[in-house]
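Single-letter residue listing:
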Amino acid sequence: MAQKAYSLSHTKWMCKYHIVFTPKYRRKAIYGQIRKDIGEILRRLCEYKGVELIEGHLMSDHVHMLVAIPPKIAVASFMGYLKGKSSLMIFDKHANLKYKFSNRKFWSEGCYVSTVGLNEATIAKYIREQEAADIALDKLSVKECEDPFKTK
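In this report, we go over the structure that sits alongside the text. (Residues numbered from 1 in each chain as written. Predicted model: local features only at pLDDT ≥ 70, side-chain atom pairs only at ≥ 80, totals over all residues. Heavy atoms only, no water.)

## Digging into the overall build of the protein chain
What counts here: Runs of H or I in DSSP of at least four residues are treated as helices and runs of E of at least two as strands, each being numbered from the N terminus. To get the radius of gyration, use the C-alpha atoms; to get the globule rule, take the number of residues to the power 0.38 and multiply by 2.2 Å. Exposure is judged per residue with a 1.4 Å probe applied to protein chains only, and the accessible area is read against the type maximum: over 50% gives exposed, under 20% gives buried, and values in between give partly exposed. For this count, His and the chain ends are skipped, Lys and Arg are scored as positive, and Asp and Glu as negative. A single reference atom marks each charge: NZ on Lys, CZ on Arg, CG on Asp, CD on Glu.
Each helix and strand counted, the protein chain has 3 helices and 6 strands in total. The order of α-helices and β-strands along the protein chain, N terminus first, is β-β-β-α-β-β-α-β-α. At 19 Å, the protein chain has a C-alpha radius of gyration far larger than the 15 Å of a compact globule built from 152 residues. With the C-alpha coordinates aligned to their principal axes, the bounding extent of the protein chain is approximately 80 × 40 × 25 Å. Put simply, the protein chain has 152 residues, and 38% of those count as buried. Taken together, the 26 basic and 16 acidic charged side chains of the protein chain have centroids lying 6 Å from each other.

Structure follows, in structure tokens:
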């Protein structure tokens, strides 16, 4: 797979990052119509900043994104922009969420960021297949509990 080099006026670059962030209190709040709206909002905000969203997946309690961020934008400032603006847009579309999340902050403070390097295909596959792997793991980890108060 050929790596795509991006271009600015005086720069050729290939800066790709795997980013993971969660809703506040790691609530399982990303589902149904909210999930569709969050996906649309994140795509639109990336487009506004000139960031290419290569791969993304919304889980019920966290978000995975594989993005190409230009070197003129710091990763921390992009994440601040993405989480701040998306929170406001989410609360505008879904006003009922303000009772669960105080102070109009939908996302938790931190995030995980990793440079991708030449493993872009591996990371993209991981993001695509993670939900199916989590569901399979949940099915394997279901154990039958016995009643401790039952007499034999």
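Structure shown, so let's carry the discussion forward.
## Some words on the environment of Glu 109
Tracing the backbone shows Glu 109 in the loop between helix H2 (75–93) and strand S6 (112–115). Exposure remark for Glu 109: the relative accessible area of 82% places this residue in the exposed category.

## As for the pairing of strand S5 (residues 63–68)
Condition: When DSSP locates at least two bridges between a pair of strands, those strands are taken to pair.
Extensive coverage of S5 is indicated by the burial of 6 of its 6 residues. Side chains of S5 alternate between two faces, with Val 63, Met 65 and Val 67 and His 64, Leu 66 and Ala 68 buried alike. Pairing between strand S4 (residues 52–58) and S5: 6 bridges, direction antiparallel. From the neighbouring strand, Leu 53 faces S5, where its bridge partner is Val 67. The hairpin turn running from S4 into S5, its antiparallel successor, is 4 residues long.

## A short note on H2
Inclusion rule: A helix is expected to reach a length of 1.5 Å times the quantity of its residues less one. Only heavy atoms matter for contacts: two residues are in contact if any of them lie within 4.5 Å across the pair.
Over its 19 residues, H2 extends 27 Å from the first C-alpha to the last, a length consistent with the 27 Å expected when each residue adds 1.5 Å. The set of residues buried in H2 consists of Val 75, Phe 78, Met 79, Tyr 81, Leu 82, Lys 83, Ser 86, Ser 87, Ile 90 and Phe 91. On the buried face of H2, the contacting elements are strand S3 (16–21), helix H1 (32–49), S5 and S6.

## Details of unusual backbone geometry
Although it is not a glycine, Tyr 25 sits at a positive phi angle of roughly 60 degrees. Inspection of the secondary structure assignment puts Tyr 25 in the loop between S3 and H1. The phi dihedral of Arg 26 is positive, around 50 degrees, even though this residue is not glycine. Here Arg 26 shows up in the loop between S3 and H1.

## Observations concerning the pairing of S3
A large share of S3 lies buried, amounting to 6 of its 6 residues. Residue alternation in S3 divides its side chains into two sets, Lys 16, His 18 and Val 20 and Tyr 17, Ile 19 and Phe 21, and both sets are buried. As judged from the 6 bridges shared by S3 and S5, these two strands associate in the antiparallel manner. When the bridges of S5 are listed, Val 20 appears paired with His 64. As paired elements, S3 and S6 share 4 bridges and run antiparallel to each other. Along S6, the bridge assignment pairs Val 20 with Tyr 112.

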